Amino acid sequence: MPTRQISPDWEAVVNAIEDPVFVHDVEYRLVGANSAYLEQANLSREQALGRPYWEVFPQRNGPLPSCQEAMAEQDSLATKQERLDCGLHSTDRIKNHQNGRVFLSRAYPLADQQGNYNYSVHVLDDITERENARHSLQERDWQFQQLLANTSEGIIITDSEGIIIYANAAAGEFFGNSASALIGETFASETGKVQPQQIELQTPGSGTRTVEIRGRAIEWEGKKAWMTNLHDVTNRESLRLLFQDRISQALRALPSEQNKLAVLLIDINDFKSINDSFGQLVGDLALRQVADRLTRVKSPLGLAPIDYIASRLGGDEFGVLIPHIQDVGDLSAITEQFARAVETPITVDDNELHVSVRIGVSVYPNTASSAAELMQQADTAMYQAKREQSRHRTFSEDLTVEARERLELGGHLRQALANSELHLEYQLQVDMQSGCWVGSEALLRWNHPQRGRISPGHFIPIAERIGLIDQLGQWVLEQACQQAHAWRCAGLDMASISVNISAPQMTRGDLPEQVERALEKSGLPASALKLEITESILMEQDSWVVDQLQRLRAQGVKVSLDDFGTGYSSLSYLKDLPVDQLKIDRSFINGLDTDQQLLKINRVIINLASSLGFSLIAEGIETEEQARILLAEGCRYGQGFFYARPCPTHDIEKMLKEQLHATHSRT
């Protein structure tokens, strides 16, 4: 008898979670597991599936205690409502005696729409170290919601008068109440509308959330009723998952593999410049116009009308699902229709806005066999269109090779971080007036065992795409602080060590706590740490970004605005931003000694920094003449190959000792 397994779609969701995850049936036999779980069990998928989970991991004489109790409780639940309302149903503390890691097993029942038990999903949260417990719990909770979308999605059933006769626990959460408290209330939705709609819900304690509602007529306890599904689409991740779910539904509805389906991912180029120039409100209104236009695109002349679904995927990105394609050869003309619809000038408050798009296209079953693959391939094609500066690009096997290389390199990068194969180099910063070293910038380096030295410009974007950039950033921060403290203890003092901060580190929301832990662990004083953030991060002007930077400065940490001048930002509010230093981008330094226009730009930046009280440093200085001009114009501090290339620790120590010896000789 073949081993029972969960569906490929669920397998993909389980594998997307970094924590160990396993799924068992009513007999406690494994029907699904991700690679992290199999790694803890030290078994292959074939060796694990079909066996009782206690024979695999965690090894014991039977089911986990609370898991067994919860399974018995599931059997005792009398009604469908009770089973559907049931959320987290067991927690157990377990230990892997092979490696000493301790996990908290949180198990969730997964029922079908009739309330019948299907599986239990166990997510193993590593609680060996609790330094980041609060954030980890929040992250895990979000992942659980995505993993259990079928049960965590809000469900409300109303009678013919719009009175709620059933609501599950998730629906209660949407309204800040219990499920039972919603019974008897009137639900003010437009019953009869099957197409998805978006509404704004004001939830006590959670603020305003954007919720997509979908409805359909059902029969409930012998009477006609209306079932409404509520899905939180406030954030981009939820929107993409919801769009992917629509693709899955369309794939299941296809009569046969002979039928074709297409997915278009549409990205608006440099939309940030519109927000910067006209303001966030104008930008939002423009995006609403784009969303409206995408719902009214007509077939090209000579082609049959097309049926499609258009969705906003967050920010300036949109998705289009075309569930029936007669001829793949028509896709280019159809894609052009969508591009023209967006690129037609947009008028908002008498402002005429011009935008351009990049579109990635994937086709089933030509190159993809699942919704996840279609999304991934359309993403890959869209990024290729950006690189080629073309309007649209259809996924091909050539791009698959590139994607596989990125995936392979991403796996190697995870191993490199775990195996301490990464290291830091440092580029010294100089007081161009005195010639003394005043600081250094920490730069991440990777020497691959087979490929040799890999450029950060190659592996950093991969780290961002696979979700590893936050861990890398935290590692760099801790290593740099420890090294700077070691130099200070050896008498090789510098004013500061500079560490680059990525956008994902800012979006976590706990950067001040990360920095505080790194400083406390290393013993480095806060005044000796400088964080470099790119202008694009700060120009988002989200209040939580500004709040984090203000808290960091309150600790004594300095903030430097990196790549200054490249963000096309308005300078009118620069004086209010929580930064201490501007760093002139190297693009304004290269050619400075021959280009009068660059000289004027640098002069403006230097005068601006001086008038607003910011310190100033220029990067990318490669010639003596560039250094002379900058110093003469009033920029005192510099960094670049002319003074020092990025070097390993021992070379930096040698240069600092030479400076220390020269200082003692003069005194």
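Residues numbered from 1 in each chain as written. Predicted model: local features only at pLDDT ≥ 70, side-chain atom pairs only at ≥ 80, totals over all residues. Heavy atoms only, no water.

Q: Please clarify how the overall build of the protein should be interpreted in this entry.
A: A tally of helices and strands in the protein yields 24 helices and 26 strands. In the protein, which comprises 667 residues, the share counted as buried stands at 48%. Within the protein, residue pairs in contact and separated by at least 24 positions form 60% of the contacts whose partners lie at least 6 positions apart. (Helix = DSSP H or I, 4+ residues; strand = E, 2+ residues; numbered from the N terminus. Buried < 20%, exposed > 50% of the residue type's maximum accessible area, 1.4 Å probe, protein only. Contact = heavy atoms within 4.5 Å.)

Q: I'm lost on the packing of helix 17 (residues 469–489) against helix 19 (residues 511–522) in this one. Help?
A: When two helices pack together, their arrangement is given by the angle between their axes and by how far apart the axes lie. Where helix 17 meets helix 19, the closest approach of the two axes is 9 Å, and the angle between their N-to-C directions is 35°. Helix 17 and helix 19 meet at a crossing whose hand is right-handed. Listed contacts from helix 19 to Asp470, Gln474, Leu477, Glu478, Cys481, Gln482 and His485 of helix 17 are Gln514, Val515, Arg517, Ala518, Leu519, Lys521 and Ser522. Among the residues making up the contact of helix 17 with helix 19, the classes are represented as 5 nonpolar, 5 polar and 4 charged. (Axes fitted to C-alpha atoms, helices over the stretch in contact; angles between N-to-C directions. Left-handed = near helix turned anticlockwise from the far one by under 90°. Nonpolar A, V, L, I, M, F, W, Y, C, P; charged D, E, K, R; others polar.)

Q: Could you clarify how one ought to interpret the pairing of strand 23 (residues 558–564) in this entry?
A: For a regular strand, the rule is simple: side chains alternate between the two faces of the sheet. The buried fraction of strand 23 amounts to 5 of the 7 residues, a majority that puts the element mostly inside the structure. As judged from the 5 bridges shared by strand 22 (residues 529–534) and strand 23, these two strands associate in the parallel manner. The residue of strand 23 that forms the bridge with Thr534 is Asp562. Examined bridge by bridge, strand 23 and strand 24 (residues 581–584) share 3 bridges and lie parallel to one another. Among the inter-strand pairings, Ser560 is bridged to a residue of strand 24, identified as Gln581. (Pairing = 2+ DSSP bridges.)

Q: How should unusual backbone geometry be read in this particular structure?
A: Each neighbour pair has its own omega, and for Phe57 with Pro58 the value is 0°, a cis peptide bond. Position of Pro58 among the secondary structure elements: in the loop between helix 3 (45–48) and helix 4 (65–76). Residues Tyr364 and Pro365 are joined by a peptide bond in cis, for which omega reads 0°. Tracing the backbone through its elements, the reader meets Pro365 in the loop between strand 16 (357–364) and helix 14 (371–388). Positive phi, close to 60°, is recorded for Asn42, a residue that is not glycine. Of the residues examined, Asn42 reaches a relative accessible area of 60% and is grouped as exposed. With a phi close to 60°, Ser420 is a non-glycine residue in the positive phi region.

Q: How do you make sense of the packing of helix 22 (residues 596–612) against helix 23 (residues 624–633) when you look at a structure like this?
A: Helix 23 packs onto helix 22 with a crossing angle of 40° between their chain directions and a minimal axis gap of 10 Å. The angle between the axes of helix 22 and helix 23 places the two elements in the oblique class. Helix-helix and strand crossings are classified by hand; for helix 22 and helix 23 the assignment is right-handed. Residues Leu599, Asn602, Arg603 and Ile606 of helix 22 form the contact with helix 23, whose own contacting residues are Ile629, Leu630 and Glu633. For the contact of helix 22 with helix 23, the per-class residue count stands at 4 nonpolar, 1 polar and 2 charged. (Parallel < 35°, antiparallel > 145°, perpendicular 65-115°, else oblique.)

Q: In this structure, what is going on with the sheet that holds strand 13 (residues 317–325)? I would like to understand it.
A: Within a sheet, neighbouring strands are paired by backbone hydrogen bonds and run either parallel or antiparallel to one another. With mixed pairing, the 5 strands of this open sheet are ordered in space as 12-13-11-16-17. The sheet is open, and its two edges are formed by strand 12 (309–312) and strand 17 (392–394), each paired on a single side. Across this sheet, the average inter-strand angle for adjacent strands is 15°, counted without regard to direction. Taken together, the 7 bridges between strand 11 (residues 260–268) and strand 13 define a ladder with antiparallel strand orientation. The residue of strand 13 that forms the bridge with Ala262 is Ile322. Against the sheet, helix 13 (residues 331–343) makes contact with strand 11, strand 13, strand 16 and strand 17, and its axis sits at roughly 150° relative to strand 16, the strand it touches most. Each of strand 11, strand 13, strand 16 and strand 17 is contacted by helix 14, which is oriented at about 145° to strand 16, the strand it contacts most.

Q: Any chance you could explain the packing of aromatic side chains here in plain terms?
A: What characterises a pair of aromatic rings is the spacing of the ring centres plus the angle enclosed by the ring planes. For the coordinates displayed, the defined rule picks out 11 aromatic pairs. Between the aromatic rings of Tyr308 and Phe338, the centroid separation amounts to 5.1 Å while the plane-to-plane angle is 85°, which identifies the pairing as edge-to-face. One end of the pair, Tyr308, is in the loop between helix 12 (280–294) and strand 12; the other, Phe338, is in helix 13, and 30 residues separate them in sequence. What links up through ring pairs into an aromatic cluster is the set Phe22, Tyr28, Tyr37, Tyr53, Trp54, Phe57 and Phe103. (Phe/Tyr/Trp six-rings, centres within 6.5 Å; stacked < 30°, edge-to-face > 60°.)

Q: I keep staring at helix 14 and nothing clicks. Help me out?
A: Since the α-helix advances by 3.6 residues per turn, residues separated by three or four positions end up pointing in the same direction. Given a rise of 1.5 Å per residue, 18 residues ought to cover 26 Å, and the 26 Å separating the end C-alpha atoms of helix 14 matches this to within 8%. Turning to helix 14, its buried residues are Ala371, Leu374, Met375, Gln377, Ala378, Asp379, Thr380, Ala381, Met382, Gln384 and Ala385. Taken from the residues just after helix 14, Gln389 is the one with a positive phi, measuring 60°. (Expected span 1.5 Å × (residues − 1).)

Q: Please clarify how the environment of Leu472 should be interpreted in this entry.
A: Along the chain, Leu472 falls in helix 17. Distance in space between the C-alpha atoms of Leu472 and Gln505 is 9.7 Å, their sequence separation being 33 residues. When near neighbours in sequence (up to four residues on either side) are disregarded, Leu472 contacts Leu413, Leu417, Leu422, Leu444 and Ala463.

Q: Please clarify how the pairing of strand 18 (residues 422–431) should be interpreted in this entry.
A: Where burial is concerned, most of strand 18 is hidden: 9 out of the 10 residues are buried. Strand direction decides the pairing type here: strand 18 and strand 19 (residues 437–448), joined by 9 bridges, are antiparallel. Among the inter-strand pairings, Tyr426 is bridged to a residue of strand 19, identified as Ala442. Hairpin connection, strand 18 to strand 19: the antiparallel pair is bridged by 5 residues, and Gly435 has positive phi, about 80°. The sheet contact formed by strand 18 and strand 26 (residues 637–639) spans 2 bridges and is antiparallel. Looking at strand 26, one finds that Asp431 is bridged to Tyr637.

Q: Sorry if this is basic, but what is going on with the pattern of salt bridges here?
A: Opposite charge on two side chains allows them to pair when their charged atoms are near. The full count for this structure, using the stated rule, is 25 salt bridges. The residue Glu478 makes a salt bridge to Lys521 at a minimum N-O spacing of 3.9 Å. Taken together, the residues span a long stretch of sequence, with Glu478 in helix 17 and Lys521 in helix 19 at a distance of 43 residues. Classification of Lys521 by relative accessible area gives exposed; the value is 59%. Between Arg586 and Glu619 there is a salt bridge, and its shortest N-O distance comes to 3.9 Å. Here Arg586 is found in the loop between strand 24 and helix 22, whereas its partner Glu619 is found in strand 25 (residues 615–619), with 33 residues between them in sequence. Residue Arg586 is classed as partly exposed on the basis of its relative accessible area, which comes to 44%. Members of the salt-bridge network, linked through shared partners, are Glu441, Glu532, Lys583, Arg586 and Glu619. (Salt bridge = Lys/Arg side-chain N within 4 Å of Asp/Glu carboxyl O.)

Q: What exactly am I supposed to notice about the confidence of the model for the protein here?
A: A low pLDDT means the predicted coordinates there should not be read in detail. For the protein, mean pLDDT is 80; residues scoring 70 or higher make up 82% of the total. Within the protein, strand 26 carries the highest mean pLDDT (95), whereas helix 7 (residues 149–152) carries the lowest (42). Per-residue pLDDT stays below 50 along residues 83–88; that stretch engages in 22 contacts with residues further than four places along the chain or on separate chains. In the predicted structure, residues 131–138 sits below a pLDDT of 50 and forms 8 contacts with residues beyond four places in sequence or in another chain. (pLDDT = per-residue confidence, 0-100.)

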